[in-house]
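# Examination of the molecular architecture
Here is what each chain is made of, one letter per residue.
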Amino acid sequence: MTTSTSPSKPALSLGPVYYLWDGPKWRDFYFRIADEAPIAHVTIGEAVCSKRLHFIEPHVGEVIERLESAGKEVSLASLALVALERESQLVRGLVRDSTYPIEANDLSALHLLAGRPHSVGPLVNVYNGATARLLASRGATSICLPPELPMASVRGIIKDNPGLAFEIFAFGRVPLAISARCAHARSKGLIKDNCQFICGEDTDGLTVETLDRQPFLALNGVQTMSHTCQALMQELPELAAAGVSRIRLSPQDCDMVAVAEIYGDAIAGRRAIDESLSRLESVYPGVPFSNGFHHGQTGAAWVKVPASLALPAASGRA
């Protein structure tokens, strides 16, 4: 007699804050995540701009202590673009001195981490199974796949690497590009070397419009992001069936504890997908949702998934 086995439910993870939040706001955000959010793994640190580090450095120790006391696993993020010798030294120091796992967000960090267990972030271009195998052979234990990958590619990469844990970017503005120059500062009449940390005025990104005044992208310092928020909610059953280990939420300037609870309920089947999406819209209003990349379409598109593929709601409520 044979018995069928259902796929294990993926855990929730939280990526690093990509935006410039002042130190107390950054600290208090993670304190609340530690105390209230149903999240298993948290990656903290500065991935976008090294100039922002001094805002968060005084609080890193207490944030890690609070997260670990709450039973969360903690990783530290490396920079996504190393353009200066000072930044090279920062990454070298992070890899050399950290007692916590490192999430590599560019190739320089991958080089330094070779032979040492580490994770790979969504800003590294892992587009096929062969690349994932190579990274695993050099010490990668988990990979958060790039958010622009279609599901067919995700499924193939996971199938080709059965011993490797994979994470999917399921909520947040999509990180699209990063530059040595700062378009955010330039848009406000400043330059990168004397930016006055102007990006801190836009705690959820600065909207970029087309010539006909349609929201198009969002600027975040040297990073370019999508205007829309990727929301892979309807796709959770498919991701679980493919063997995804973790569902990543990327911090936005909204109630991320509520976002985590909504995703947690959907993964557990405690609420129907349509109800979960409605709740998500109320928590993060004014930003359109997208899932086009996942379905092989334009990234900003929203594709309605047939109800038959959605997680069923349980009889009770949490």
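My aim in this report is to walk through the structure given alongside it, one point at a time. These figures come from a predicted structure and were not determined experimentally. (Residues numbered from 1 in each chain as written. Predicted model: local features only at pLDDT ≥ 70, side-chain atom pairs only at ≥ 80, totals over all residues. Heavy atoms only, no water.)

## Examining unusual backbone geometry
For F197, which is not a glycine, the phi torsion comes out positive at approximately 50°. Along the polypeptide, F197 turns up in the loop between α8 (183-186) and β8 (206-209). A positive phi is found at R213, a non-glycine position, where the angle reads about 65°. Tracing the backbone shows R213 in the loop between β8 and β9 (215-220). (Helix = DSSP H or I, 4+ residues; strand = E, 2+ residues; numbered from the N terminus.)

## Quick look at helix α10 (residues 256-268)
The periodicity of an α-helix, 3.6 residues per turn, causes residues three or four places apart in sequence to face the same way. End to end, α10 covers 18 Å across 13 residues, agreeing with the expected 18 Å (1.5 Å per residue, within 8%). Counted residue by residue, α10 has 11 buried out of 13 residues, so it is predominantly covered. All of the buried residues in α10 are M256, V257, A258, V259, A260, I262, Y263, G264, D265, A266 and I267. A distance of 3.2 Å separates the backbone nitrogen of V257 from a side-chain oxygen at the start of α10, and that oxygen is part of D255. Phi for G269, located one or two positions after α10, is positive at around 80°. (Expected span 1.5 Å × (residues − 1). Buried < 20%, exposed > 50% of the residue type's maximum accessible area, 1.4 Å probe, protein only. Polar contact = N/O pair within 3.5 Å; in protein donor to acceptor, adjacent residues only side chain to side chain.)

## Observations concerning the nonpolar core
By size, the foremost hydrophobic cluster in this structure holds 86 residues, and its most contacted members are Y30, I33, I44, L249 and Y263. Among residues more than four places away in sequence, those in contact with I33 are L14, I39, V42, L67, K72, M256 and V257. (Core = buried A, V, L, I, M, F, W, Y, C linked by side-chain atoms within 4.5 Å. Contact = heavy atoms within 4.5 Å.)

## Considerations on the environment of W26
With respect to the helices and strands, the residue W26 is situated in helix α1 (residues 23-36). Take W26: its relative accessible area is 2%, and that puts it in the buried class. Residues W26 and H59, 33 residues apart in the sequence, show an inter-C-alpha distance of 8.3 Å. Once residues lying within four places of it in the same chain are set aside, the contact partners of W26 are V17, W21, I44, G45, I56, H59, V60 and V63.

## Some thoughts on the environment of A241
Tracing the chain through its elements places A241 in helix α9 (residues 236-242). Owing to a relative accessible area of 56%, A241 belongs among the exposed residues under this scheme. For A241 and S153, which are 88 residues apart along the polypeptide, the C-alpha to C-alpha distance reads 14 Å.

## Some words on helix α7 (residues 151-160)
Buried within α7 are the following residues: M151, V154, I157 and I158. Along the long axis of α7, the arc covered by the buried residues comes to 125°, so they all point the same way. Of the exposed residues in α7, the ones pointing more than 90 degrees away from its buried face are A152 and K159. Those residues of α7 hidden inside the fold are in contact with α6 (129-137), β6 (140-145), β7 (165-178) and α9. (Arc of directions from axis to C-beta.)

## Regarding the pairing of strand β1 (residues 11-14)
Bridging between β1 and strand β11 (residues 246-249) involves 4 bridges; their strand directions are parallel. Bridged to S13 within β11 is R248. Pairing of β1 with strand β2 (residues 41-44) involves 2 bridges; the strand directions are parallel. By the bridge assignment for β2, L14 is matched with V42. The parallel pair β1 and β2, bridged by α1, forms a crossover whose chirality is right-handed. (Pairing = 2+ DSSP bridges. Right-handed = clockwise from strand over helix to strand, strands pointing away.)

## Considering the packing of α10 against helix α11 (residues 273-283)
It is the contact of α10 with α11, at a shortest axis distance of 10 Å, that shows an interaxial angle of 175°. In this view, α10 runs roughly antiparallel relative to α11, as classed from their interaxial angle. In this structure, α10 contributes A258, V259, I262, Y263, D265 and A266 to the contact, and α11 contributes I273, S276, R279, L280 and V283. Partitioned by chemical class, the residues of the contact of α10 with α11 number 8 nonpolar, 1 polar and 2 charged. (Axes fitted to C-alpha atoms, helices over the stretch in contact; angles between N-to-C directions. Parallel < 35°, antiparallel > 145°, perpendicular 65-115°, else oblique. Nonpolar A, V, L, I, M, F, W, Y, C, P; charged D, E, K, R; others polar.)

## Comments concerning the pattern of salt bridges
According to the stated counting rule, one finds 20 salt bridges in the structure shown. Among the ionic pairs, R155 bridges to E238, the shortest N-O distance being 2.8 Å. Residue R155 is found in helix α7, and its partner E238 is found in helix α9; the two are separated by 83 residues along the sequence. One connected set of salt bridges, linked through shared partners, spans D265, R270, R271, E275 and R279. (Salt bridge = Lys/Arg side-chain N within 4 Å of Asp/Glu carboxyl O.)

## Details of the pairing of β7
Across the 14 residues of β7, 10 count as buried, placing the element largely inside the fold. In this sheet, β7 lies alongside β6 in parallel orientation, the contact comprising 4 bridges. Paired with C144 across the two strands is E167, which belongs to β7. Bridge count between β7 and β11: 4 bridges; the pairing is parallel.

## Considering the packing of α1 against α10
Between α1 and α10, the least distance of the axes is 9 Å, while the angle of their chain directions is 35°. For α1 against α10, the interelement crossing comes out right-handed. Residue-level contacts link F29, R32, I33 and E36 of α1 to M256, V257 and E261 of α10. Of the residues that constitute the contact of α1 with α10, the class distribution is 4 nonpolar, no polar and 3 charged. (Left-handed = near helix turned anticlockwise from the far one by under 90°.)

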